[in-house]
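Residue-level structure breakdown
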Amino acid sequence: MQRFYLIVGHVARLELLVPQGVKLVQLRIKDQPEAEVRRQIARARDICAVQGAQLVVNDFWRAALDLNCSFVHLGQEDMETADFAALRRAGVRFGLSTHDDAELERALSLDPAYVALGPVYPTLLKKMKWAPQGLDRVTDWKRRTGRVPLVAIGGLTPERAPGVLAAGADSLAVVTDVQQAEDPEARVRDWLKVCQ
């Protein structure tokens, strides 16, 4: 699994940043009508195909199936309604968010392509009901996930990356650090260097 996992909120951002060398990118669209969601997913799928990057569609698993995307990410709420049998039949891999022991157990029972743990550090992106998990939790989660790749998310910076990888994370999902950078393209290049 790629060590650097970029998460963007709009296909225009994906179009700008994937050509910097990103090989794993999640499109996380919020508060858009379905037609716009599908337009962005289709465009992102085509950009990633040209750039040799893996697109992960956040939440919209039905659109991902319809548009022949091969990877989705599901949060705990989305897991309630997702048709895992349909995803498996279509060969669509899925990553799952986890925050506590019960969620981890449930996620592992579904045989995911990866498990995400967060927030590792305090995060600015969204109000979280979970306290920062910390590096000890990353190490514990990796021990428990075994061969299933572990994605760390929440408050990550290039300076924190070596410690999170050393704690056991296989991949680092990054949102705010790139989103709020003065020069997002340069910041992505920094991340790619750190995650080599």
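Scroll up for the structure.
Scoring rules and cut-offs
Residues numbered from 1 in each chain as written. Predicted model: local features only at pLDDT ≥ 70, side-chain atom pairs only at ≥ 80, totals over all residues. Heavy atoms only, no water. Helix = DSSP H or I, 4+ residues; strand = E, 2+ residues; numbered from the N terminus. Rg over C-alpha atoms; globule rule 2.2 N^0.38 Å. Buried < 20%, exposed > 50% of the residue type's maximum accessible area, 1.4 Å probe, protein only. Contact = heavy atoms within 4.5 Å. 1 Å grid on protein atoms, 1.4 Å probe; cavity = no way out; pocket = protein on both sides within 12 Å on 5 of 7 lines; lining within 4 Å. Points joined across faces, edges and corners; volume = space filled by probe spheres on them. Nonpolar A, V, L, I, M, F, W, Y, C, P; charged D, E, K, R; others polar. Pairing = 2+ DSSP bridges. Axes fitted to C-alpha atoms, helices over the stretch in contact; angles between N-to-C directions. Phe/Tyr/Trp six-rings, centres within 6.5 Å; stacked < 30°, edge-to-face > 60°. Lys NZ or Arg CZ within 6 Å of the ring centre and 35° of its normal. Arc of directions from axis to C-beta.

Okay, the overall build of the protein next. Secondary structure assignment for the protein yields 10 helices and 8 strands. For 196 residues, the compact-globule estimate of 2.2 N^0.38 gives 16 Å, and the protein sits close to it at 16 Å. Expressed as lengths along the three principal axes of its C-alpha atoms, the size of the protein is roughly 40 × 40 × 30 Å. The buried share among the 196 residues of the protein stands at 51%. Relative to all contacts within the protein whose residues are 6 or more apart in sequence, the contacts with residues 24 or more apart total 51%.

Moving on, we come to the layout of surface pockets. Estimated volume of the second largest pocket: approximately 170 Å³. The set of elements that each furnish at least two residues to the lining of the second largest pocket consists of helix H2 (34-51), helix H3 (61-66) and helix H4 (76-81). No other element matches H3, which puts 3 residues into the lining of the second largest pocket. Partitioning the lining of the second largest pocket into residue classes produces 3 nonpolar, 1 polar and 5 charged.

Time to look at the sheet that holds strand S2 (residues 24-27). Taken in spatial order, the 8 strands close into a barrel running S1-S2-S3-S4-S5-S6-S7-S8, and their pairing is parallel. With strand direction ignored, the average angle separating the axes of adjacent strands in the sheet is 25 degrees.

Tallying each qualifying case throughout the model produces 4 aromatic pairs. For the ring pair Phe71 and Tyr114, a centre distance of 5.8 Å and an interplane angle of 35 degrees mean the geometry is tilted. Taken together, the residues Phe71 in strand S4 (residues 71-74) and Tyr114 in strand S6 (residues 114-117) connect sequence positions 43 residues apart. Neither Phe71 nor Tyr114 differs from the other in exposure class; each is buried. Chaining the aromatic ring pairs together yields one cluster made of Tyr5, Phe71 and Tyr114. The lysine or arginine in question, Arg160, covers the ring of Tyr121, its NZ or CZ lying 4.0 Å from the ring centre.

Our focus in this paragraph is helix H10 (residues 184-194). Within the span of H10, buried status applies to Pro184, Arg187, Val188 and Trp191. Projected down its long axis, H10 shows its buried positions confined to an angular sector of 100 degrees, all on one face. Of the surrounding elements, those touching the buried residues of H10 are strand S1 (4-8), helix H1 (11-17), helix H8 (161-167), strand S8 (171-174) and helix H9 (176-179).

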